[in-house]
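Understanding the architecture of this molecule
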Amino acid sequence: MSRKDSRRTLLVALGPSDLEWLRNRAQGRSLGDTVRRIVEAGLARTVHDVGYIPSEPQRRLPVQLPKMVRSKVETLAQNWNKPREYVVWQAIRHSQSGPTDPE
């Protein structure tokens, strides 16, 4: 997967509290990789629409998702009539309230 391939990259806006939580969670990994693992784990369980939207987005983080995961994210986004980024936010919120291991 090429980093330069914009079709494979999703820009996810994150607020300060989400960034801080992700940095703690990443434990030396890249933030994008950590978000990818969270989304993969969330989709394996079932991500619910909890209406979470980060307040005051501070950074747009590029996240590369494997084709199957990206397809599931796109399907959920269409079902919820929301952008793909919204599905990622729900997975992050679900992970924040769930177990500590993203795998």
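Cut-offs used in this document
Residues numbered from 1 in each chain as written. Predicted model: local features only at pLDDT ≥ 70, side-chain atom pairs only at ≥ 80, totals over all residues. Heavy atoms only, no water. Helix = DSSP H or I, 4+ residues; strand = E, 2+ residues; numbered from the N terminus. Expected span 1.5 Å × (residues − 1). Buried < 20%, exposed > 50% of the residue type's maximum accessible area, 1.4 Å probe, protein only. Contact = heavy atoms within 4.5 Å.

Focus: helix α4 (residues 84-96)
Residues spaced three or four apart along an α-helix point in a common direction, a consequence of the helix completing one turn every 3.6 residues. Here α4 is 13 residues long and its end C-alpha atoms lie 19 Å apart, about the 18 Å a rise of 1.5 Å per residue gives. Where α4 is concerned, the buried positions are Glu85, Tyr86, Val87, Val88, Trp89, Gln90, Ala91, Ile92 and Ser95. At its buried positions, α4 is contacted by β1 (9-14), α1 (16-26), α2 (31-45), β2 (59-64) and α3 (67-80).

Section: unusual backbone geometry
Only a minority of non-glycine residues have a phi that is not negative, and only a minority of peptide bonds are not trans. Even without a glycine there, the phi angle at Thr46 is positive, about 140°. Along the polypeptide, Thr46 turns up in the loop between α2 and β2. In this structure Thr46 comes out as partly exposed when scored by relative accessible area, which is 43%.

Quick look at the side chain of Asp18
On the secondary structure map, Asp18 appears in helix α1. If near-sequence neighbours (up to four positions away) are discounted, Asp18 is found in contact with Tyr52, Pro54, Ile92 and Gln96.

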